[in-house]
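Understanding the architecture of this molecule
If you want the building blocks of each chain, they are given just below.
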Amino acid sequence: MSRRLALVGLGPGDPELVTAQAARVLNEVDYFLVADKTAQHPGTADLIERRDAICERHVAGPWRTVHVADPERDRADPADYGAAVRDWHEARALAFESALLENPGDAAVLVWGDPALYDSAIRIADRIAERGVVDVEVEVVPGLSSVQLLAARHRLVLNTIGGPITITTGRRLLDDAASGDNLVVMLDGALTCCRLPDPSGWWIWWGANLGSPGEQLIAGRLDEVAEAIADRREEARSAQGWVMDTYLLRRVTRP
Ligand SMILES: C[S@@+](CC[C@H](N)C(=O)[O-])C[C@H]1O[C@@H](n2cnc3c(N)ncnc32)[C@H](O)[C@@H]1O
């Protein structure tokens, strides 16, 4: 019989933002699998503690977590970014497969936010199923994404009336901003918005460590708030040991 491999979206860190379905699945499986990056990034230990806090709130009785050491990703050649990420997914799939072989029973992978948005869990689980070494039935349990929490915190509608929205990364922002006027930016370790050629032409709604005690929020015209954002970003990092931020950029419409 196939074993269950549930990819459970936990939301962006706040135990109150876990869905009833995610809580049910956490209570049904035998153990949890967590990608552990603490060897490369010691600050991320707090992220593992936040996952523990979520389990403590929602799991009745004791639970067991299996930590899967995250393989190092080759970041040396950004020109070959896609290939480097594919290799990394393959290495991660093998690491998770070993953990499943060593630990019988049904497992849930604890996914930050929603598994459908900039997360490798679905690709990795598909790869494990495809290899066929472990017989797994993959299921996806949605979670609240950091983008939804950003919108709620700023009381925002992400799209303009009837308009499109681009969800992109820091790596692509300068190109995407040339053609888009309403963009959500994720995975931006370098506050790339500060390098936009016309900072007075954009509004920004920014949030860091949303759903965690060190949450930070700033909104305003980019040229007026960029410095404050950079400062608060560093404050969040030193308070919590890690910083993850997401922001909406919208072009200022001229009368
Ligand atoms: C690997 S992606 C994971 C996204 C996640 N699956 C989601 O649904 O939010 C990591 C990026 O998500 C954003 N992010 C995740 N959690 C966040 C949080 N609590 N506050 C702000 N941004 C967050 C940041 O842009 C971060 O660089």
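Residues numbered from 1 in each chain as written. Predicted model: local features only at pLDDT ≥ 70, side-chain atom pairs only at ≥ 80, totals over all residues. Heavy atoms only, no water.

1. Observations regarding the site of the ligand
- Around the ligand sit 16 residues in total, of which Trp 112, Leu 117, Ser 146, Asp 245 and Thr 246 are the nearest.
- The separation between a nitrogen atom of the ligand and a polar main-chain atom of Asn 209 is 3.5 Å.
- A distance of 2.7 Å is found between an oxygen atom of the ligand and a backbone nitrogen or oxygen belonging to Asp 245.
- For the ligand, whose accessible area on its own is 570 Å², the fraction buried by protein is 90%. (Near = heavy atom within 4 Å. Polar contact = N/O pair within 3.5 Å; in protein donor to acceptor, adjacent residues only side chain to side chain. Areas by Shrake-Rupley, 256 points an atom, 1.4 Å probe, with all protein chains shown as cover.)

2. Digging into the pattern of salt bridges
- Tallied over the full model, the rule gives 15 salt bridges.
- A salt bridge links Glu 28 to Arg 4; the shortest N-O distance between them is 2.9 Å. Of this pair, Glu 28 sits in helix H1 (residues 20–28) while Arg 4 is found in strand S1 (residues 3–9), placing the two residues 24 residues apart along the sequence.
- A single salt-bridge network, built from bridges that share partners, covers Arg 4, Arg 24, Glu 28 and Glu 139. (Salt bridge = Lys/Arg side-chain N within 4 Å of Asp/Glu carboxyl O. Helix = DSSP H or I, 4+ residues; strand = E, 2+ residues; numbered from the N terminus.)

3. Things to note about the environment of Pro 62
- Looking at where Pro 62 falls in the secondary structure, it is placed in the loop between helix H2 (45–58) and strand S3 (65–69).
- Expressed as a C-alpha distance, the spacing of Pro 62 and Tyr 31, which sit 31 residues apart in the sequence, is 10.0 Å.

4. Observations regarding the pairing of strand S7 (residues 182–186)
- With five of five residues buried, S7 lies mostly within the body of the structure.
- Side chains Asn 182, Val 184 and Met 186 of S7 all project onto a buried face; the interleaved residues Leu 183 and Val 185 project onto the opposite face, where all are buried too.
- One ladder, built from four bridges, connects strand S6 (residues 166–169) with S7; its direction is parallel. For Thr 168, the partnering residue across the bridge sits in S7 and is Val 185.
- Inspection of the sheet shows S7 paired to strand S10 (residues 245–251) by four bridges, in the antiparallel sense. When the bridges of S10 are listed, Val 185 appears paired with Tyr 247. (Buried < 20%, exposed > 50% of the residue type's maximum accessible area, 1.4 Å probe, protein only. Pairing = 2+ DSSP bridges.)

5. Section: the packing of aromatic side chains
- Considering all chains together, one arrives at one aromatic pair under this definition.
- Where Trp 112 meets Trp 242, the ring centres are 6.2 Å apart and the plane angle is 85°; that geometry is what we call edge-to-face. Of this pair, Trp 112 sits in the loop between strand S4 (107–111) and helix H4 (121–131) while Trp 242 sits in the loop between helix H7 (222–240) and S10, and the two are 130 residues apart along the sequence. Of the two residues, Trp 112 and Trp 242, both sit in the buried class. (Phe/Tyr/Trp six-rings, centres within 6.5 Å; stacked < 30°, edge-to-face > 60°.)

6. Let's talk about the side chain of Gln 240
- Secondary-structure assignment places Gln 240 in helix H7.
- When its relative accessible area of 11% is taken as the criterion, Gln 240 is described as buried.
- Setting aside anything within four residues of it in sequence, one finds Gln 240 in contact with Gly 43, Asp 46, Arg 50, Asn 209, Ser 212, Pro 213 and Gly 214. (Contact = heavy atoms within 4.5 Å.)

7. Quick look at the sheet that holds strand S2 (residues 31–36)
- The five strands lie next to each other as S3-S2-S4-S1-S5, forming an open sheet whose pairing is parallel. At either margin of the open sheet sits one strand with a lone partner, and together these are S3 and strand S5 (136–141). Pairs of neighbouring strands in the sheet enclose a mean axial angle of 25°, with direction left out of account.
- Pairing of S2 with S3 involves five bridges; the strand directions are parallel. By the bridge assignment, Val 34 is partnered in S3 with His 67.
- Set on the sheet, helix H3 (residues 81–102) makes contact with S1, S2, S3, S4 and S5; between it and S2 the angle comes to about 150°.
- Strands S1, S4 and S5 of the sheet are contacted by H4, whose axis makes an angle of about 165° with S5. (Axes fitted to C-alpha atoms, helices over the stretch in contact; angles between N-to-C directions.)

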